[in-house]
Amino acid sequence: MTDITKNVTRAQWDRAGPGSRVLDVAAGAGEQTLMIARRVGPTGSVLATDLSPAILALAEDNAQDAGLSNVQFQIADGEDLQVQPASFDAVVCRLGLMLFGDPMSGLGEMHKALKPDGHICTMVFSQPEHNPCITILMKTALQHAGLPPTNPYTPGGLLSLGRPGLIDELFAAAGFRNVATTQINAPFRMPSAKAYLDFVRSSASPIQQILGRLDEPYRERAWAEMEEELSIYTTPWGWEGPNELLLTAGRR
């Protein structure tokens, strides 16, 4: 996670004070889960959910290594959380909601999980023109897989919630109030384009799913082409890829 993304993540859990019970949806490897757990302290707790058993096991290992005992883990689809209604003070979802096939269903589940007046905060990628690194990854992956270009706003895609105004509409339709979205410039800062791609390859992203159908030599050619195209963002100090996020907050 870059320093800027860490700062954005802190803005998410600033709404969860000591003693809070927090639900972290699509938690992934749990980097932000651990930050939240430290924030809420021993009198609070965090439930981290994810659809992938493997990545959730990694998150649990990370929590154990950090000596945190106030975190629980549950394998769950973000569109069917299977948690007790009205039992959480806050819900966060960092770079996960845009991957839901039905984000309205996911927001409905989050709304149901919150106590009255509870807080929600999500982070997603904004529109394609402000996220050229992602568009390069998708374009190259699709070309090498022999697949046609897709509409970036197709549900489940990395940029699917980036259309201006869309996520506010979804929050309101799910029943949230006091909804506000902030655009945040959050460039990826890495030692090199290769380091950025190593980060992408370590995640359960749609890029991996697209290239997963290829034999290894063809996959490696695709990654090599991505690295070459992304090298345009190399600077004298390393590599800086443009990236813009939407931070949306609301209350039940």
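Check the entry above for the structure.
None of the values given here were measured: they were computed from a predicted structure.

**Student:** Describe the nonpolar core, and please don't skip the residues or the numbers.
**Tutor:** Proteins that are soluble and globular tend to have nonpolar side chains buried together. Counting 59 residues, the largest nonpolar core has L97, L107, M110, Y196, I207, L230 and W239 as the members making the most contacts within it. If you tally residues by element for this core, the top one is helix α5 (residues 132-144), at seven residues. If near-sequence neighbours (up to four positions away) are discounted, L97 is found in contact with P103, L107, M110, T122, V124, L161 and I167. In terms of nonpolar packing, the next biggest core, distinct from the first, is built from twelve residues, V22, L34, A37 and L68 among them.

**Student:** Tell me about the packing of helix α4 (residues 103-113) against helix α6 (residues 166-173), and name the residues and values.
**Tutor:** Two elements in contact, α4 and α6, have axes separated by 9 Å at closest approach and are oriented at 50°. Overall, the two elements α4 and α6 adopt an arrangement that is oblique. Judged by the twist between their axes, the crossing of α4 over α6 is right-handed. Contacts from P103, M104 and L107 of α4 reach α6 at L170, F171 and A173. Its residues placed into classes, the contact of α4 with α6 shows six nonpolar, no polar and no charged.

**Student:** Break down the pattern of salt bridges for me, with residues and values.
**Tutor:** In the structure shown here, the tally under the stated rule is nine salt bridges. Across the salt bridge formed by R163 and E169, the nearest N and O atoms sit 3.9 Å from each other. For R163, a relative accessible area of 35% puts it in the partly exposed group. The class of E169 is partly exposed, set by a relative accessible area of 46%. The salt bridge partner of E240 is R189, with a shortest N-O separation of 3.0 Å. Of this pair, E240 sits in strand β9 (residues 238-241) while R189 sits in strand β7 (residues 188-190); the two residues are 51 residues apart in sequence, bridging distant segments of the chain. You can call R189 partly exposed: its relative accessible area is 47%.

Quick notes on the rules
Residues numbered from 1 in each chain as written. Predicted model: local features only at pLDDT ≥ 70, side-chain atom pairs only at ≥ 80, totals over all residues. Heavy atoms only, no water. Core = buried A, V, L, I, M, F, W, Y, C linked by side-chain atoms within 4.5 Å. Buried < 20%, exposed > 50% of the residue type's maximum accessible area, 1.4 Å probe, protein only. Helix = DSSP H or I, 4+ residues; strand = E, 2+ residues; numbered from the N terminus. Contact = heavy atoms within 4.5 Å. Axes fitted to C-alpha atoms, helices over the stretch in contact; angles between N-to-C directions. Parallel < 35°, antiparallel > 145°, perpendicular 65-115°, else oblique. Left-handed = near helix turned anticlockwise from the far one by under 90°. Nonpolar A, V, L, I, M, F, W, Y, C, P; charged D, E, K, R; others polar. Salt bridge = Lys/Arg side-chain N within 4 Å of Asp/Glu carboxyl O.

Scope: geometric values only; no functional claims are made or implied.
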